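Reading the structure
Below are the chains, spelled out letter by letter.
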Amino acid sequence: MSNEDTLDQIEVVDGDITKQRVDAIVNAANKTLLGGGGMDGAIHRAAGPELLAECRTLGGCATGQAKITQGYRLPAQWVIHTVGPVWRNGQHGEDDLLASCYRNSFALAEQHRLRTIAFPCISTGVYGFPMDRAARIAIRETRAHLRNSQSVVNVILVCFGAQAYEIHSRALREVFPRS
Ligand code: ADP
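Described in the following lines is the structure provided in the data block. Remember, it's a predicted structure, so these values are computed and weren't measured experimentally.

1. Notes on the pairing of strand E4 (residues 78-83)
Of all 6 residues that make up E4, 5 are buried, and the element is covered over most of its length. Strand direction decides the pairing type here: strand E2 (residues 24-29) and E4, joined by 6 bridges, are parallel. For Ala24, the partnering residue across the bridge sits in E4 and is Trp78. Here 5 bridges tie strand E3 (residues 66-70) to E4, and the two strands are oriented antiparallel to one another. Within E4, the residue paired with Gln70 across the bridge is Trp78.

And the structure:
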């Protein structure tokens, strides 16, 4: 298989995850799944109070795992909530836990037969994961999933701001070197 196999199925954008018109958006949640600051708060505000009500029934979520809810007032029909690792020094399984967030989110998308999914840059906000390192993991896992995907055909990596967009565009060129 060539390096460019799935490149046309991955889109890096500078935008707001709450605005994405996809089957599911991914929420970089915390373990309680009861909302928080940053993007998590923005998703709950945009989805409306029904989202929190459904999240209350889920009993939280462990780091690296994922759970799915409806999207309520969001343009996306579903929200996949995943809990990224808090960055310590890279010696506490952070890379593998971040990869698990992507894998478990894709697994839920497949179970629900979803075609399009938008991810934020999980763990790169208050959880402090270095963005270039996180970007390479995100793109590597996305590529690996798309190569074997049954249902998911398009993945949007939503970067919040120009710097995040540049870092992810560069990482995309590294993972797909001939592009
Ligand atoms: P974490 O706790 O996993 O680090 P954060 O919510 O703090 O999650 O941030 C994760 C990333 O999402 C950061 O890079 C942040 O800039 C970005 N972000 C914040 N708001 C939005 C939004 N509305 N849409 C997309 N990305 C966002």
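2. A few points about the site of the ligand
Residues in contact with the ligand amount to 13 residues; listed here are only the nearest, Asp16, Ile17, Ser123, Thr124 and Gly125. Within the backbone of Met39, one N or O atom sits 3.3 Å away from an oxygen atom of the ligand. In this structure, an oxygen atom belonging to the ligand sits 2.9 Å away from a main-chain N or O atom of Gly125. Out of a free accessible area of 560 Å², the ligand has 88% covered by protein chains. Considering only residue class, the shell around the ligand consists of 8 nonpolar, 4 polar and 1 charged.

3. With respect to the pattern of salt bridges
Per the counting criterion, the structure on display carries 9 salt bridges. The salt bridge partner of Lys19 is Asp16, with a shortest N-O separation of 3.4 Å. For Lys19, a relative accessible area of 58% gives the class exposed. One salt bridge connects Arg133 with Asp95, and the closest N-O pair in it is separated by 2.9 Å. Within this pair, whereas Arg133 is found in helix H4 (residues 131-148), its partner Asp95 is found in helix H3 (residues 94-111), the two being separated by 38 residues in sequence. Relative accessible area serves as the criterion here: at 29%, Arg133 is assigned to the partly exposed category. Taking relative accessible area as the criterion, Asp95 reaches 26% and is therefore assigned partly exposed. Each of Asp5, Arg143 and Arg147 takes part in a single network of salt bridges with overlapping partners.

The rules behind these values
Residues numbered from 1 in each chain as written. Predicted model: local features only at pLDDT ≥ 70, side-chain atom pairs only at ≥ 80, totals over all residues. Heavy atoms only, no water. Buried < 20%, exposed > 50% of the residue type's maximum accessible area, 1.4 Å probe, protein only. Helix = DSSP H or I, 4+ residues; strand = E, 2+ residues; numbered from the N terminus. Pairing = 2+ DSSP bridges. Near = heavy atom within 4 Å. Polar contact = N/O pair within 3.5 Å; in protein donor to acceptor, adjacent residues only side chain to side chain. Areas by Shrake-Rupley, 256 points an atom, 1.4 Å probe, with all protein chains shown as cover. Nonpolar A, V, L, I, M, F, W, Y, C, P; charged D, E, K, R; others polar. Salt bridge = Lys/Arg side-chain N within 4 Å of Asp/Glu carboxyl O.

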